[in-house]
Amino acid sequence: MDSVRSPDRPPSPPGGLSANSATARYGQPPGPGPATGYGLPPVVATPAYRPPVVPPPAATVRRVRPTPPASPPIPVKILVAGGFGVGKTTTVGAISEIAPLTTEAEMTSAGIGVDDPGVRSAKTTTTVAMDFGCVTIDRSLKLYLFGTPGQARFGFMWDDLARGALGALVVVDSARLDDCYPAIDFFERAGLPFVVGVNAFDGRLAHDLGAIRWALAIGEHVPLVRFDARDRLSVRDALLVVLDRALDRATRDRGA
Ligand SMILES: Nc1nc2c(ncn2[C@@H]2O[C@H](COP(=O)(O)OP(=O)(O)OP(=O)(O)O)[C@@H](O)[C@H]2O)c(=O)[nH]1
Ligand SMILES: [Mg+2]
């Protein structure tokens, strides 16, 4: 049977399907660029579309507050005082977290008969101005330690060194108690809180603490502790007693 052909359908062009392409029918489009066919303008490359950046509403913006810098520790000035050769410089050096500032000078023969460091001492230098060191107790407190000279002829410096101090550690050699009387007199007169620290040279005391308290004629309110000037922890414990006394005094003065 013959195929049925719609009357509207045009007959196939001669030359087959390729002869029926757009190019064959309408020719090449004018101008550069790739042909789109059908007489449309060439495709021009456009930048990729980017949506505008819309800032978030103000309420949703998280503001990062800068953390305030930690406040520095409160400085507390403490004197390390006492007679000649009792271990003041050793005390400051044992605890200081910085290399201590010292002012040591060689002892000369001119001091024989004047400066007596005791028979057991191998001391060859003496402090001629002061010692300085510091130790941080915690984040809120830092001790600044000022060691006094021990020779009586440098006594005039003590007033200056004591200015601004909140307390003192009076270092005592139990074998030479008389050397520390001037230091105790000084702090009693100055009204500065002080603690007596008996330096146990070679781990021994020449007298027990009760006898030393009696000999020094200090009141019960003055703490008397035994310590070792060469031992950091021992020095720390002695200084904490001084700090305790100083804080007691400061609190009392504030309440008055
Ligand atoms: N065996 C022993 N020697 C100590 C002790 N403490 C200090 N010394 C020694 O005693 C001598 C005196 O110590 P210093 O710390 O210079 O005494 P100082 O009180 O500062 O002396 P000045 O400043 O001259 O009055 C030094 O030779 C120390 O090494 C101690 O606990 N035991
Ligand atoms: Mg000294």
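Preceding this section is the structure that the text describes.
The following paragraphs examine the structure supplied in this document. From a predicted model like this one, the values you see are computed outputs, not experimental measurements. (Residues numbered from 1 in each chain as written. Chains lettered and ligands numbered in written order. Predicted model: local features only at pLDDT ≥ 70, side-chain atom pairs only at ≥ 80, totals over all residues.)

### Quick look at the overall build of the chain
Moving on, step 1. Helices and strands together make up the secondary structure of the chain, namely 6 helices and 8 strands.
Moving on, step 2. Listing the helices and strands of the chain from first to last along the sequence gives α-β-α-β-β-β-β-α-β-α-β-α-β-α.
Moving on, step 3. Restricting to contacts in the chain with at least 6 residues of sequence separation, those with at least 24 account for 68%. (Helix = DSSP H or I, 4+ residues; strand = E, 2+ residues; numbered from the N terminus. Contact = placed C-beta atoms within 7 Å.)

### Concerning helix 6 (residues 232–255)
Moving on, step 1. An ideal rise of 1.5 Å per residue puts 34 Å on 24 residues; helix 6 measures up with 34 Å between its terminal C-alpha atoms.
Moving on, step 2. Looking at helix 6, one finds that the buried residues are Ser234, Val235, Ala238, Leu239, Val242, Arg245 and Ala246.
Moving on, step 3. Considering only its buried residues, helix 6 is in contact with strand 1 (74–82), helix 2 (88–95), strand 5 (141–147), strand 6 (167–173), strand 7 (194–199) and strand 8 (224–227). (Expected span 1.5 Å × (residues − 1). Buried ≥ 20, exposed ≤ 12 C-beta atoms within 10 Å, placed from the backbone.)

### Overview of the sheet that holds strand 6
Moving on, step 1. On the basis of which strands lie adjacent, the open sheet formed by 6 strands has the order 4-5-1-6-7-8 and mixed pairing. Edge strands, defined here as strands with exactly one partner in the open sheet, are strand 4 (131–138) and strand 8. Taken over all neighbouring pairs, the strand axes of this sheet differ in orientation by 25° on average, direction set aside.
Moving on, step 2. Sheet analysis places strand 4 next to strand 5, joined by 7 bridges and oriented antiparallel. Across the sheet, residue Asp131 finds its bridge partner in strand 5, namely Gly147.
Moving on, step 3. Against the sheet, helix 5 (residues 209–216) engages strand 7 and strand 8, with an angle of about 125° to strand 8. (Pairing = 2+ DSSP bridges. Axes fitted to C-alpha atoms, helices over the stretch in contact; angles between N-to-C directions.)

### Observations regarding the site of ligand 1
Moving on, step 1. Among the 20 residues in the neighbourhood of ligand 1, the closest are listed as Gly87, Thr89, Thr90, Thr127 and Gly150.
Moving on, step 2. Of all the elements in the fold, those that place two or more residues in the shell around ligand 1 are helix 2 and strand 3 (125–127).
Moving on, step 3. Here the shell around ligand 1 gets 3 residues from one element, more than from any other, and that element is helix 2.
Moving on, step 4. A breakdown of the residues in the shell around ligand 1 according to their chemical character gives 6 nonpolar, 9 polar and 5 charged. (Near = placed C-beta within 6 Å. Nonpolar A, V, L, I, M, F, W, Y, C, P; charged D, E, K, R; others polar.)

Treat this as a map of the structure, not an account of what it does.
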